[in-house]
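As a plain string of letters, each chain reads:
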Amino acid sequence: MTTTVGRFISFEGTEGVGKTTAIEGLCQRLQAAGIDYVRTREPGGSPFAERLRAILLDPATDINDDTELLLLFAARADHLQQVILPALQRGAWVICDRFTDSTIAYQGYGRADGDQRVLAKIDSLIAQFISPLPELTLWLDLPVLEGMARAGKRSKADRFEQQATAFFTRVHHGFSMLAMQHPERIERIDANGSSDEVGGRIWQTVQARFNLG
Ligand code: Z5A
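What you are looking at is a predicted structure, and each value in this text was computed from that prediction instead of being measured.

Trainee: Could you clarify how one ought to interpret the overall build of the protein chain in this entry?
Mentor: Scanning the protein chain for helices and strands turns up eight helices and five strands. Against the compact-globule benchmark of 17 Å for 213 residues, the protein chain has a radius of gyration of 16 Å, which places it among compact chains. Each principal axis of the C-alpha atoms in the protein chain carries an extent, and together these give about 45 × 40 × 35 Å. With 213 residues in all, the protein chain has 48% of them scored as buried. Contacts in the protein chain between residues far apart in sequence, at least 24 positions, make up 78% of those at least 6 positions apart.

Trainee: Please explain helix α5 (residues 116-129) as it appears in this structure.
Mentor: Side chains of residues three or four places apart in an α-helix project in the same direction, reflecting 3.6 residues per turn. The end-to-end C-alpha separation of α5 is 20 Å, in line with the 20 Å expected for 14 residues at 1.5 Å each. Summarising the contacts, the buried residues of α5 are in contact with α3 (65-89) and α4 (100-111). Residue D115 occupies the N-cap position of α5, its side-chain oxygen lying 2.8 Å from the main-chain nitrogen of R117.

Trainee: Would you mind going over the packing of aromatic side chains with me for this structure?
Mentor: In this description, an aromatic ring pair is defined by two values, namely the gap between the centres and the angle between the planes. If you walk through the whole model with that rule in mind, you get eight aromatic pairs. Taking the centre distance of 5.1 Å and the plane angle of 65° together, the rings of W93 and F210 count as edge-to-face. Of this pair, W93 sits in strand β3 (residues 93-97) while F210 sits in the segment after α8 (195-209), placing them 117 residues apart in sequence. Across the pair, exposure class does not vary: W93 and F210 are buried alike. Three or more aromatic residues joined by ring pairs make a cluster, and in this case those are Y106, W139, F160, F167, F168 and F175. Against the face of F99 rests R76, its NZ or CZ located 5.2 Å from the ring centre. Positioned above the aromatic ring of F160 is the side chain of R159, whose terminal nitrogen or guanidinium carbon lies 5.2 Å from the ring centre.

Trainee: Explain the pattern of salt bridges here, please?
Mentor: In a structure, side chains of opposite charge can pair up when their charged atoms sit close to one another. Scanning the entire structure with this criterion turns up 15 salt bridges. D97 is the partner of K19 in a salt bridge, and the nearest nitrogen-oxygen pair spans 2.8 Å. With K19 in helix α1 (residues 19-32) and D97 in strand β3, this pair connects stretches of sequence that are 78 residues apart. Taking relative accessible area as the criterion, D97 reaches 12% and is therefore assigned buried. Of the charged contacts in the structure, one is a salt bridge between R117 and D115, with a shortest N-O distance of 2.8 Å.

Trainee: Please explain the pairing of strand β4 (residues 136-141) as it appears in this structure.
Mentor: The side chains of a regular strand alternate between the sheet's two faces. Where burial is concerned, most of β4 is hidden: six out of the six residues are buried. Across the two faces of β4 the burial is the same, with L136, L138 and L140 and T137, W139 and D141 all buried. The sheet contact formed by strand β1 (residues 8-12) and β4 spans four bridges and is parallel. Counted as the bridge partner of E12 is W139 from β4. For β4 and strand β5 (residues 186-190), the ladder comprises five bridges, and the chain directions are parallel.

The rules behind the values
- Residues numbered from 1 in each chain as written.
- Predicted model: local features only at pLDDT ≥ 70, side-chain atom pairs only at ≥ 80, totals over all residues.
- Heavy atoms only, no water.
- Helix = DSSP H or I, 4+ residues; strand = E, 2+ residues; numbered from the N terminus.
- Rg over C-alpha atoms; globule rule 2.2 N^0.38 Å.
- Buried < 20%, exposed > 50% of the residue type's maximum accessible area, 1.4 Å probe, protein only.
- Contact = heavy atoms within 4.5 Å.
- Expected span 1.5 Å × (residues − 1).
- Polar contact = N/O pair within 3.5 Å; in protein donor to acceptor, adjacent residues only side chain to side chain.
- Phe/Tyr/Trp six-rings, centres within 6.5 Å; stacked < 30°, edge-to-face > 60°.
- Lys NZ or Arg CZ within 6 Å of the ring centre and 35° of its normal.
- Salt bridge = Lys/Arg side-chain N within 4 Å of Asp/Glu carboxyl O.
- Pairing = 2+ DSSP bridges.

None of this, on its own, says anything about what the molecule does.
This is the structure we're talking about:
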């Protein structure tokens, strides 16, 4: 068991809900509060994992669901060892755009429609290779079509963004299941409204959770 002292926070949600924007806002507030933090993301976050990210997101990549799952975990294991654990051990906060909940939501529900065998495979990979898990997960909840409309304003769709609406509806269901199963860790944040409003909700939640003045 690895000893850590920093705080580990993940952001989750379906496509285009505003994670990147919200993380930017949180990091500005942490900086103003004098808190040392590392901002990172998945898949990716370390040099090797960023190479796997490029493969995973490339629309030309043709792999089956097991291969995708294992590549995500290979990326995560490297990211954890190279970036997350060293940051937590020196006392920094880690702010991570997506983590294991995305795998459950996208691979477990989006790809496999909640198939118990697939969910069990993912749980087993998490149990064997991933520690620690985030102590706070901010799930930005927005109707799927609104997130897709926000994301759709950008240029070219990656391999995940090319999925149909039904896929993202299953992913959204996956996140709501996770929020029900882990109320002690996952906070649902209403992602409707302006980025200032959403940012305010997030900061209130973080302040309350970690007793920040
Ligand atoms: N994936 C997976 O399948 N399994 C896994 O285990 C992991 C990931 C870890 C890459 O993720 C893909 O990997 C992802 C799941 C899969 N694919 N999908 N879909 P990513 O996080 O890099 O990509 P993303 O989820 O598509 O993120 P995103 O599209 O970049 O969205 P975002 O970061 O949540 O949103 P944003 O960039 O902050 O905002 C989107 C737009 O909305 C932008 O123009 C903003 O200016 C605008 N915006 C933001 N906030 C607001 C508000 N409040 N109002 C109005 N407009 C707003």
